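# Topology and contacts: notes
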Amino acid sequence: MAMTAEQRARLQAQVDALKKRLEIDSNDLDYETHLHTIRTLQRILDKEIQRADE
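A quick note: this is a predicted structure, and the numbers were derived from the prediction, not measured.

Take the environment of D53 next. Relative to the assigned elements, D53 resides in helix α2 (residues 30-53). Residue D53 is classed as exposed on the basis of its relative accessible area of 64%. Expressed as a C-alpha distance, the spacing of D53 and E6, which sit 47 residues apart in the sequence, is 15 Å.

Over its 24 residues, α2 extends 34 Å from the first C-alpha to the last, a length consistent with the 34 Å expected when each residue adds 1.5 Å. Listed as buried for α2 are H34, L35, I38, L41, L45 and E48. Those residues of α2 hidden inside the fold are in contact with α1 (5-24).

For the rest of this paragraph, the subject is the packing of α1 against α2. Remark: α1 packs on α2, axes separated minimally by 9 Å, with the N-to-C direction vectors making an angle of 155°. On the basis of their axis angle, the class for α1 and α2 is roughly antiparallel. For the pair α1 and α2, the crossing hand works out as left-handed. Where α1 approaches α2, its residues R8, L11, Q12, Q14, V15, L18, K19, R21 and L22 are matched on the opposing element by Y31, H34, L35, T37, I38, L41, Q42, I44, L45, E48, I49 and A52. The class makeup of the residues in the contact of α1 with α2 is 12 nonpolar, 5 polar and 4 charged.

Thresholds applied
- Residues numbered from 1 in each chain as written.
- Predicted model: local features only at pLDDT ≥ 70, side-chain atom pairs only at ≥ 80, totals over all residues.
- Heavy atoms only, no water.
- Helix = DSSP H or I, 4+ residues; strand = E, 2+ residues; numbered from the N terminus.
- Buried < 20%, exposed > 50% of the residue type's maximum accessible area, 1.4 Å probe, protein only.
- Expected span 1.5 Å × (residues − 1).
- Contact = heavy atoms within 4.5 Å.
- Axes fitted to C-alpha atoms, helices over the stretch in contact; angles between N-to-C directions.
- Parallel < 35°, antiparallel > 145°, perpendicular 65-115°, else oblique.
- Left-handed = near helix turned anticlockwise from the far one by under 90°.
- Nonpolar A, V, L, I, M, F, W, Y, C, P; charged D, E, K, R; others polar.

Below you can see the structure in the form of structure tokens.
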């Protein structure tokens, strides 16, 4: 089941918030965790956007 536009927007907001945190946490152990989470969420978002376009 594809995500709704609202769900995709919420997911994009999470990705954006984590990207902002990268600058703050660049010397922190959370940095790698943020990178991994961003990549994972971005893959999900990209697939959902592609699915919505079909």
